[in-house]
Amino acid sequence: MINTYNETDLHKFFKEKYATENQGFTEVKVKNYICDIFTEDSSIIEIQTGSLYKLVPKVQDLSPDYKIKIVFPFPFEKYIENYSENGELLSCKRSPKKNRWINIFTELFGILPLILEKKAILEIVAISISEKRIKTENPVQTKNKSRHFLKNWYKAGKSLNTIIDTKVFSEKTDFIQILKEEFSTNKIDINDFTATDLKKYFTKRKLYLVISLLNKSGIIEFTKTKKNKRYYKLCETN
């Protein structure tokens, strides 16, 4: 097998699942890329458990010649399993952070335009996962040296607990529908809302990036400025 030595259990599970369901072959070289799954009808399925924007060059290069589906397992809930360095389970607790369908927009930077341009279909799988962490005696840095402050643990992979739901996104209306459902649940006016109405879903740093993404993608539309606040409405779905 090619390039499987660094796969997480989560990625491996979904790759095998979708390869079986679609009668596909795994780890197939197409042009200059290794594709997760190549089906008998010459379609490509990519399983992405990391950042979606990393797939942008591959999708841009391969989409003129192949149909591409991106499968994105998205954690709606997470459990943290802490292990000692000798493999003993020390604790298991549920993370207080939960995601909803509206939270997918924080993951769509870079890839959303390609979905709307019909260069790929996005299938998001809402899941519950367990994240394995190894406790260490001394503070350690991550392999990619991303920590500003060292911690006494490191991640050792993710495993799937259960699949909660699955949604396919191929049209602008699919994304608009997610917002309509969430707005209806929380009594947000789809024709008159501000960034403040969405602050419960996103961090302050990502909130205005999401607003900009939705506006540029034609999912929401700027309507007016009132008392230094910018107001928006959902674009029509008809």
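Please refer to the structure higher up on the page.
This one's a predicted model, so the numbers in the text were calculated from it and none came from an experiment.

*Asks:* Quick question: what am I supposed to make of the overall build of the protein chain here?
*Replies:* Within the protein chain, the secondary structure is distributed over five helices and nine strands. The N-to-C order of helical and strand elements in the protein chain reads α-β-β-β-α-β-β-α-β-β-α-α-β-β. The C-alpha extent of the protein chain, read off along each of the three principal axes, is 60 × 45 × 30 Å. Among the 238 residues that make up the protein chain, the fraction classed as buried is 40%. Here the contacts in the protein chain between residues at least 6 apart in sequence split such that 60% fall between residues at least 24 apart. Taking the 42 positively charged and 30 negatively charged side chains of the protein chain as two groups, their mean positions are separated by 8 Å.

*Asks:* Would you mind going over the nonpolar core with me for this structure?
*Replies:* Nonpolar side chains in soluble globular proteins tend to end up buried together. Within the largest apolar cluster, 50 residues are counted, with the highest numbers of intra-cluster contacts made by F105 and L108. Non-local contacts of F105, meaning those with residues more than four positions away in its chain, are made with F175, I178, L179, V210, L213, L214 and I219. Within the second largest apolar cluster, 11 residues are counted, among which are L10, F14, V71 and I127.

*Asks:* What am I meant to see in the pattern of salt bridges here?
*Replies:* Where side chains of opposite charge bring their charged atoms close, a pairing between them can arise. Scanning the model with the defined rule gives 13 salt bridges in all. Linking E131 and K78 is a salt bridge whose minimum nitrogen-to-oxygen distance equals 3.6 Å. Placement of E131 in strand β6 (residues 121-140) and of K78 in strand β4 (residues 68-83) is noted, with a sequence separation of 53 residues between them. Residue classification places E131 among the buried residues on the basis of a relative accessible area of 1%. Given the relative accessible area of 24%, K78 is considered partly exposed.

*Asks:* Sorry, what's going on with unusual backbone geometry here?
*Replies:* For residues that are not glycine, phi is negative in most cases, and the peptide bond is trans in most cases. Positive phi, normally seen in glycine, also occurs at K31, with a value near 55 degrees. Here K31 shows up in the loop between β1 (24-30) and β2 (33-39). The exposure class of K31 is partly exposed, given its relative accessible area of 44%. Of note in this structure, S42 is not a glycine but carries a positive phi near 65 degrees. Its location among the elements puts S42 in the loop between β2 and β3 (44-47). When its relative accessible area of 36% is taken as the criterion, S42 is described as partly exposed.

*Asks:* Whenever I open this one, the packing of aromatic side chains confuses me. Can you help?
*Replies:* Ring pairs (aromatic) are described by centroid distance and by the angle formed between their planes. Using the criterion set out here, one finds 13 aromatic pairs in the structure. Arranged with centres 5.9 Å apart and planes meeting at 75 degrees, the rings of F38 and Y66 form a pair that is edge-to-face. Of this pair, F38 sits in strand β2 while Y66 sits in the loop between α2 (56-62) and β4, and the two are 28 residues apart along the sequence. Directly above the aromatic system of W101 lies the positively charged group of K167, at a separation of 5.3 Å from the ring centroid. The ring of Y231 carries the charged tip of K224 above its face, separated from the ring centre by 5.1 Å.

*Asks:* Which parts of the structure should I look at to understand the environment of N144?
*Replies:* Tracing the backbone through its elements, the reader meets N144 in the loop between β6 and β7 (151-169). Assessed through its relative accessible area of 59%, N144 is described here as exposed. A polar contact is formed between the side chain of N144 and the side chain of S146, at a distance of 2.9 Å.

*Asks:* What's the story with helix α1 (residues 9-21) in this structure? I'm lost.
*Replies:* Taking 1.5 Å of rise per residue, 13 residues should cover 18 Å, and α1 covers 18 Å from first to last C-alpha, within 8% of that figure. Listing the buried residues of α1 in full gives L10, H11, F14, K15, Y18 and A19. The arc that holds the buried residues of α1, viewed along the axis, is 150 degrees, so those residues lie on one side. Along α1, exposed side chains directed more than 90 degrees from the buried face belong to D9 and T20. Residues of α1 that are buried make contact with β1, β2, β3, β4, β6 and β7.

Quick notes on the rules
Residues numbered from 1 in each chain as written. Predicted model: local features only at pLDDT ≥ 70, side-chain atom pairs only at ≥ 80, totals over all residues. Heavy atoms only, no water. Helix = DSSP H or I, 4+ residues; strand = E, 2+ residues; numbered from the N terminus. Buried < 20%, exposed > 50% of the residue type's maximum accessible area, 1.4 Å probe, protein only. Contact = heavy atoms within 4.5 Å. Lys, Arg positive; Asp, Glu negative; His and termini not counted. Charge placed at Lys NZ, Arg CZ, Asp CG, Glu CD. Core = buried A, V, L, I, M, F, W, Y, C linked by side-chain atoms within 4.5 Å. Salt bridge = Lys/Arg side-chain N within 4 Å of Asp/Glu carboxyl O. Phe/Tyr/Trp six-rings, centres within 6.5 Å; stacked < 30°, edge-to-face > 60°. Lys NZ or Arg CZ within 6 Å of the ring centre and 35° of its normal. Polar contact = N/O pair within 3.5 Å; in protein donor to acceptor, adjacent residues only side chain to side chain. Expected span 1.5 Å × (residues − 1). Arc of directions from axis to C-beta.

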